[in-house]
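So you can see what is in the structure, the chains are spelled out below.
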Amino acid sequence: MLNLFRSKFIGDRDFYKKVFVIAFPIIIQNSISNFVQLLDNIMVGQVGTDQMNAVAIVNRLMFVFILCVWGSVCGAGIFTAQYFGKGDHEGVRNTFRAKIILVGIISITAISFFYFKGACLIEKFIHESDNIGNAERTMFYGKKYLLINLIGLVPLSFSFIYANTLRDIGETSVPMRASIAAVIVNLILNYLLIFNTRVVHILGLNIKIWGAGFGVEGAAIATVCARFVDAAVNVLWTHTHKVRCMFIEGALKTLRIPVSLMKEIIKKGAPLAMNETMWAFGLTMLDQRYSLKGLYVVGALSITNTITNFFNVFYFAIGESISIIIGQLLGARKNDEAKSTVPKMIFISMSVCVLVGFLMAMCRNAFPAIYNTENEVRELASKFILIVACFMPIHACLHGCYFTIRSGGKTLITCLFDSVFVWGFAVTTAFILTEFTSLNIVMIYLIVSSLDLIKCSIGLILVKKGVWVNNMV
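Residues numbered from 1 in each chain as written. Predicted model: local features only at pLDDT ≥ 70, side-chain atom pairs only at ≥ 80, totals over all residues. Heavy atoms only, no water.

Draft legend 1. Spatial organisation of the confidence of the model for the protein chain. Counting all residues, the mean pLDDT for the protein chain is 84, and 91% of those residues have values of 70 or more. Across the protein chain, the secondary-structure element scoring lowest on mean pLDDT is strand S1 (residues 196-202), at 57, and the one scoring highest is helix H17 (residues 441-450), at 95. (pLDDT = per-residue confidence, 0-100. Helix = DSSP H or I, 4+ residues; strand = E, 2+ residues; numbered from the N terminus.)

Quick look at the structure:
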C-alpha cells in the first residue's frame, strides 16, 4: 500500500527539480505582484477606513478585467506551450500575435466601460451600517482611484502578453525580475505620494522625508508607474534576447494569423476567457452580496482578500506549472507521462498548502492589526482569514484539477467546472442567505466557502477519467 502511494503521488529528484525550476520563479513573481497590492492596501489603510474601502472596491473591479485578460492570453497559451513542446517556433509566433489582438480588443472595451460606468459599479458596493464608514467619502475616493488606474491598464495588458508567452516557453525568471523592479518602484512612490512630509528618527538623527500627501490618488499613481516598469522589463528583455525567444523574430511585422489557427484559438480560448471573466465577476458579486451587511464588511473583506491573495501564490504557481509541464508533454505526445505527473503535482500543491494554511491561521490576528481601522473590522477580518486558511488545501486541489483540464484544451469543461459552479452554487447560495435569512456574515461566509468541497470532488473525478488528455498541435 505504501509503495503504491509513493509511486502515484511521490516523484523522484529530477521531477521535483523540474517543478521547482518552473514554479519557484512564478511563486516569486506572483508574490511580488500581490505584494504591490498589499502595499497599496496597507498604506492606504493607514490613511483611513473610507480610503481603504474605496481602493478595495476598485481593485475588485480591476480583478474582473485582469482575469478576463489572463483568460484570453492563457487560451492562446495552451497552444503556445504545445507548439513549444513540439519545437514549432512559427506556431509560438502566431499564438503571440493572437494574444496581442485579443488583449487589445478586451483592453479598449474595458477602459471605455470603466470610464463611463465605473461610478455606477462602485455604488453597488456601498451600503452604510452602524457608524463605520462614510458612503459619500468612499464613493469620492473610489472614483478618483479608478480614473487614474485606467491609465495603468495599457502597460498591464502588455505585461500579460509578454509574461505569459515567456512562461509558456519556460522563461519564468524574466517576469519575476520585472515584478521585483515594479514592486521597488511601487514601494518608493507609495511612501512618497500617499503620506505628507514628515520627520523620521533613524540612528538618533531626525531625517525629513518629503511626501506629497496625495492619499488615494498617490497610491493610484504609484501603481500605474509600477505597471509601466513591469511591462518595460518584459518587453525589452524579450526583444533583446532573440536567441532564447526565437518567436519574437518578425513577430510584430504583421498581425496576420492562419485563419484555421485563429479559429481554433477562439474555439478553445473563448470559453476559457469567458470562464475567467465570469469566475472573477462571480467572486466580485459575492463580495457585493456580503457588502449588504455594511461598510465594515467591505473593510474586512479588503484585508482578507489582500492577505489571501498573498498566500494563494503557492497553489496558483504550481497550477501554472501543471499547465506548462502537462501542456508540453501533451504536445510531445507523452500522454502516459502526463497522466502519471498530474497526481504528483496536485499532491505537492495540497501538501504545501497544508503548511501555508496553518501559517495563515496562526497569523490571522497579526495581519488586521497592521491597519488603521475600527476594531470591528479587524475582528471580522480575523475570522474570515481563519476560514480561508482552513480551506487552503481544498483550493490547492481545485486549482490543480482546473489547470490539468485546461492544459488539454478542454476549456468548455473548465467553464462548467469553474464559473458555472460559482454562479450556480456560490452566488446563488449567498443571495439566498443574505436576502432570506438572518444569519450573521461569518456563518454565511463559512457556508459559501464550504461549497468548494463539492467542486473539489467533481474536479478529481474529471481528472481521474482523463478527459483532459488531448494533443491539439
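Draft legend 2. Region of interest: the pattern of salt bridges. A complete count under the given rule lists eight salt bridges for this structure. Residue glutamate 90 pairs with arginine 93 through a salt bridge whose shortest N-O separation is 2.3 Å. Residue glutamate 90 and its partner arginine 93 are located together in helix H4 (residues 89-123), separated by three residues, close to a single helical turn. In this structure arginine 93 comes out as buried when scored by relative accessible area, which is 11%. Among the salt bridges present, the one from glutamate 217 reaches lysine 144, with a minimum N-O distance of 3.5 Å. Of the two residues, glutamate 217 sits in helix H7 (residues 216-240) while lysine 144 sits in helix H5 (residues 135-168), which places them 73 residues apart along the sequence. By relative accessible area, lysine 144 is classed as partly exposed at 28%. (Salt bridge = Lys/Arg side-chain N within 4 Å of Asp/Glu carboxyl O. Buried < 20%, exposed > 50% of the residue type's maximum accessible area, 1.4 Å probe, protein only.)

Draft legend 3. Main features of the packing of aromatic side chains. Going through the model one piece at a time under the given rule, you end up with 15 aromatic pairs. By the ring-pair criterion, three or more aromatic residues cluster together here, those being Trp70, Tyr402 and Phe403. A cation over a ring is seen here: arginine 60 above phenylalanine 63, with NZ or CZ 4.9 Å from the ring centre. (Phe/Tyr/Trp six-rings, centres within 6.5 Å; stacked < 30°, edge-to-face > 60°. Lys NZ or Arg CZ within 6 Å of the ring centre and 35° of its normal.)

Draft legend 4. Representation of helix H3 (residues 49-86) in the model. With 38 residues, H3 should cover 56 Å at 1.5 Å per step; its first-to-last C-alpha distance of 53 Å lies within 8% of that length. Alanine 76 marks the point of greatest bend in H3, at about 35°. Here H3 lies mainly inside the structure; 34 of its 38 residues are buried. Phi turns positive, to about 85°, at glycine 87, one or two residues after H3. (Expected span 1.5 Å × (residues − 1). Bend = angle between axes of the 7 residues up to and from the residue.)

Draft legend 5. Here's a closer look at helix H16 (residues 419-436). Taking 1.5 Å per residue as the helical rise, H16 with its 18 residues ought to reach 26 Å, and the 24 Å between its terminal C-alpha atoms agrees with that figure. The axis of H16 is deflected most strongly, by about 25°, at valine 427. Listing the buried residues of H16 in full gives Ser419, Phe421, Val422, Ala426, Val427, Thr429, Ala430, Leu433 and Thr434.

Draft legend 6. Just the side chain of asparagine 149, in detail. Tracing the backbone shows asparagine 149 in helix H5. What makes asparagine 149 buried here is its relative accessible area of 1%.

Draft legend 7. Spotlight on empty space enclosed by the protein. For the structure on display, the rule yields two cavities of 30 Å³ or more. Counted as a void, the second largest cavity has a volume near 90 Å³. Along its surface, the second largest cavity is lined by Trp70, Cys74, Gly77, Ile78, Ala81, Asn164, Arg167, Asp168, Glu320, Ser323, Ile324 and Arg406. Counting only elements with at least two residues in the lining of the second largest cavity, the list comes to H3, H5 and helix H10 (313-331). Top element by residues in the lining of the second largest cavity is H3. It accounts for five residues. Among the residues making up the lining of the second largest cavity, the classes are represented as five nonpolar, three polar and four charged. (1 Å grid on protein atoms, 1.4 Å probe; cavity = no way out; pocket = protein on both sides within 12 Å on 5 of 7 lines; lining within 4 Å. Points joined across faces, edges and corners; volume = space filled by probe spheres on them. Nonpolar A, V, L, I, M, F, W, Y, C, P; charged D, E, K, R; others polar.)

Draft legend 8. Representation of the packing of H3 against helix H14 (residues 392-407). Where H3 contacts H14, the axes come no closer than 10 Å and their chain directions differ by 60°. The orientation of H3 with respect to H14, classified from their angle, is oblique. Residue-level inspection shows Trp70, Cys74, Ile78 and Gln82 of H3 in contact with H14, the latter providing Phe403, Arg406 and Ser407. Residues of the contact of H3 with H14, tallied by class, amount to four nonpolar, two polar and one charged. (Axes fitted to C-alpha atoms, helices over the stretch in contact; angles between N-to-C directions. Parallel < 35°, antiparallel > 145°, perpendicular 65-115°, else oblique. Contact = heavy atoms within 4.5 Å.)

Draft legend 9. Up close: the packing of H16 against H17. The contact between H16 and H17 brings their axes to 9 Å, and the two run at 155°. Between H16 and H17, the angle falls in the class roughly antiparallel. Crossing geometry of H16 relative to H17 is assigned as right-handed. Within the contact between the two elements, H16 uses Ala426, Thr429, Ala430, Leu433 and Thr434 and H17 uses Ile444, Ile447 and Val448. Considered class by class, the residues forming the contact of H16 with H17 number six nonpolar, two polar and no charged. (Left-handed = near helix turned anticlockwise from the far one by under 90°.)

Draft legend 10. Geometry of the layout of surface pockets. In this structure, the largest pocket occupies an estimated 440 Å³ of space. Counting residues per element, the ones that place at least two in the lining of the largest pocket are H3, H4 and helix H8 (259-291). When residues in the lining of the largest pocket are grouped by element, the largest group, seven residues, is from H4. Classifying every residue of the lining of the largest pocket by side-chain character gives 13 nonpolar, four polar and one charged. The volume enclosed by the second largest pocket comes to roughly 350 Å³. Among the elements of the structure, helix H1 (2-9), helix H11 (335-362) and helix H18 (452-465) are those that each provide at least two residues to the lining of the second largest pocket. Among the elements that make up the lining of the second largest pocket, the one with the highest residue count is H11 (six residues). Here the lining of the second largest pocket is composed, by residue class, of 10 nonpolar, no polar and three charged.

Draft legend 11. Region of the structure containing the nonpolar core. Counting 137 residues, the largest nonpolar core has Phe65, Phe114, Ile122, Leu286, Tyr290, Ile326 and Met360 as its most contacted members. It is H3 that contributes the most residues to this core, 20 residues altogether. With sequence-adjacent residues up to four places away left out, methionine 360 is seen in contact with Ile307, Thr308, Phe311, Phe367, Ile385, Val388, Ala389 and Met392. (Core = buried A, V, L, I, M, F, W, Y, C linked by side-chain atoms within 4.5 Å.)

Draft legend 12. A nonpolar patch on the surface, seen in detail. The grouping of Ile180, Ile184, Leu187 and Ile188 at the surface amounts to a nonpolar patch, some 330 Å² of accessible area in total. Following the sequence through the fold, isoleucine 188 ends up in helix H6 (residues 173-193). You can call isoleucine 188 partly exposed: its relative accessible area is 48%. (Patch = residues over 30% accessible without salt bridge, like charges linked within 9 Å, V, L, I, M, F, W, Y side chains within 5 Å. Areas by Shrake-Rupley, 256 points an atom, 1.4 Å probe, with all protein chains shown as cover.)

Draft legend 13. The arrangement of the state of the cysteines in detail. Within this structure, the stated rule accounts for zero disulfides. Of the cysteine sulfurs around cysteine 390, a residue in no disulfide, the closest is that of cysteine 353, at 13 Å. For cysteine 390, a relative accessible area of 56% gives the class exposed. (Disulfide = S-S within 2.5 Å.)

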